[in-house]
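Per-entry structural report
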Amino acid sequence: MAILLGLLAPLQMFNDIALRIGRGFAVVCIGLMVCAILLQVFCRYVLGNALPWPEEAAIFLMLWMTAAIAPSAYRRGGFVALEILSSALPKRGAALLALVLLLISGMVLYIGAQMGLGEMTSLAGKFKSASLKYPTADGWEKMSNAWQIASLVTGLWLLFIVNIELILRNLITLAGGETRLRPPLDAELKAE
């Protein structure tokens, strides 16, 4: 039990900090996304001349917003879940089922993150954005699609780390140490 609690403590602290930063980053992304869309609407319908980049910028921001906020939702149990079977099982059976599902989820997340890393460095990551550019010393450079793929990879790795925390919490619960678990810092947000 002490080993599991010792493994959980630094992981939970990392997730408390990283996911709080992620939620703040997601708020900034969604704010910028709304600004980009409003700018596009203004330019297209008021000025009669649509800009080439706001739609792609909004998609880029949406990808990063999703990558930043999904781990918090997963940690809080905010994903869609079928609870018919687990609610019909005794508490220990439901915990075992949850552990099996977490292990399967962990494998899927790990494989997905590895595939995403491969895509970032492969041909798909070398394509350039149609309209998103950034300034360089030599002028403006089109943004690599690797940055969009990086949002997927970032989100999957954060989800994987949260999944490990959830597995450890589940193992501690199965071992009878549920009362020794400290709630995540964002647990108070669950009720809202």
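Values in this document were obtained by computation on a predicted structure and should not be read as measured data.

1. Notes on the packing of aromatic side chains
Taken as a whole and judged by the stated rule, the model has four aromatic pairs. Measuring from centroid to centroid gives 5.7 Å for Tyr110 and Trp157, while their planes differ by 80 degrees, and the two rings are edge-to-face. Here Tyr110 is found in helix 4 (residues 91–121), whereas its partner Trp157 is found in helix 6 (residues 146–174), with 47 residues between them in sequence. The exposure class of Trp157 is partly exposed, given its relative accessible area of 25%. With a centroid separation of 5.7 Å and an interplanar angle of 45 degrees, the aromatic rings of Tyr110 and Phe160 are classed as tilted. Of this pair, Tyr110 sits in helix 4 while Phe160 is found in helix 6, placing the two residues 50 residues apart along the sequence. Overall, Tyr110 belongs to the partly exposed group, its relative accessible area being 39%. Counting every residue linked through ring pairs, the aromatic cluster contains Tyr110, Trp157 and Phe160.

2. Quick look at the environment of Ala81
The residue Ala81 is located in the loop between helix 2 (54–75) and helix 3 (84–88) in this model. The class of Ala81 is partly exposed, set by a relative accessible area of 48%. With 56 residues separating them in the primary sequence, Ala81 and Phe25 have C-alpha atoms 26 Å apart.

3. Description of the side chain of Arg169
Note on placement: Arg169 falls in helix 6. For Arg169, a relative accessible area of 14% translates into the label buried. Once residues lying within four places of it in the same chain are set aside, the contact partners of Arg169 are Leu8, Gln12, Leu181, Arg182, Pro183 and Pro184.

4. Some words on the pattern of salt bridges
Enumeration according to the criterion identifies seven salt bridges in this entry. For the salt bridge of Lys128 with Glu141, the shortest nitrogen-to-oxygen distance reads 3.5 Å. Here the residue Lys128 occupies a position in strand 1 (residues 128–136), and Glu141 occupies one in strand 2 (residues 139–144), the gap between them amounting to 13 residues. Overall, Lys128 belongs to the partly exposed group, its relative accessible area being 44%. Here the salt bridges share partners, and the residues they tie into one network are Asp16, Arg75, Glu165, Arg169 and Arg182.

5. Quick look at the nonpolar core
Counting residues in each nonpolar core, the largest one holds 15 residues, and the members touching the most others are Tyr74, Leu102, Leu109, Leu156, Leu159, Val162 and Leu166. Within the residue set of this core, elements represented by two or more residues are helix 2, helix 4 and helix 6. Looking at which element gives the most residues to this core, the answer is helix 6, with seven residues. Excluding residues within four positions of it along the chain, Leu156 makes contact with Leu109, Gly112 and Ala113. With 13 residues, the next largest nonpolar core counts Cys29, Phe60, Met65 and Met143 among its residues.

6. Looking at the packing of helix 1 (residues 2–46) against helix 6
Contact pair helix 1 / helix 6: the axes reach a minimum separation of 9 Å and the direction vectors enclose 140 degrees. Relative to helix 6, helix 1 is oriented so that their crossing is left-handed. Within the contact between the two elements, helix 1 uses Leu4, Leu5, Leu7, Leu8, Leu11, Gln12, Phe14, Asn15 and Leu19 and helix 6 uses Ile161, Val162, Ile164, Glu165, Leu168, Arg169, Leu171 and Ile172. By residue class, the composition of the contact of helix 1 with helix 6 is 13 nonpolar, two polar and two charged.

Each value, and the rule that gives it
- Residues numbered from 1 in each chain as written.
- Predicted model: local features only at pLDDT ≥ 70, side-chain atom pairs only at ≥ 80, totals over all residues.
- Heavy atoms only, no water.
- Phe/Tyr/Trp six-rings, centres within 6.5 Å; stacked < 30°, edge-to-face > 60°.
- Helix = DSSP H or I, 4+ residues; strand = E, 2+ residues; numbered from the N terminus.
- Buried < 20%, exposed > 50% of the residue type's maximum accessible area, 1.4 Å probe, protein only.
- Contact = heavy atoms within 4.5 Å.
- Salt bridge = Lys/Arg side-chain N within 4 Å of Asp/Glu carboxyl O.
- Core = buried A, V, L, I, M, F, W, Y, C linked by side-chain atoms within 4.5 Å.
- Axes fitted to C-alpha atoms, helices over the stretch in contact; angles between N-to-C directions.
- Left-handed = near helix turned anticlockwise from the far one by under 90°.
- Nonpolar A, V, L, I, M, F, W, Y, C, P; charged D, E, K, R; others polar.

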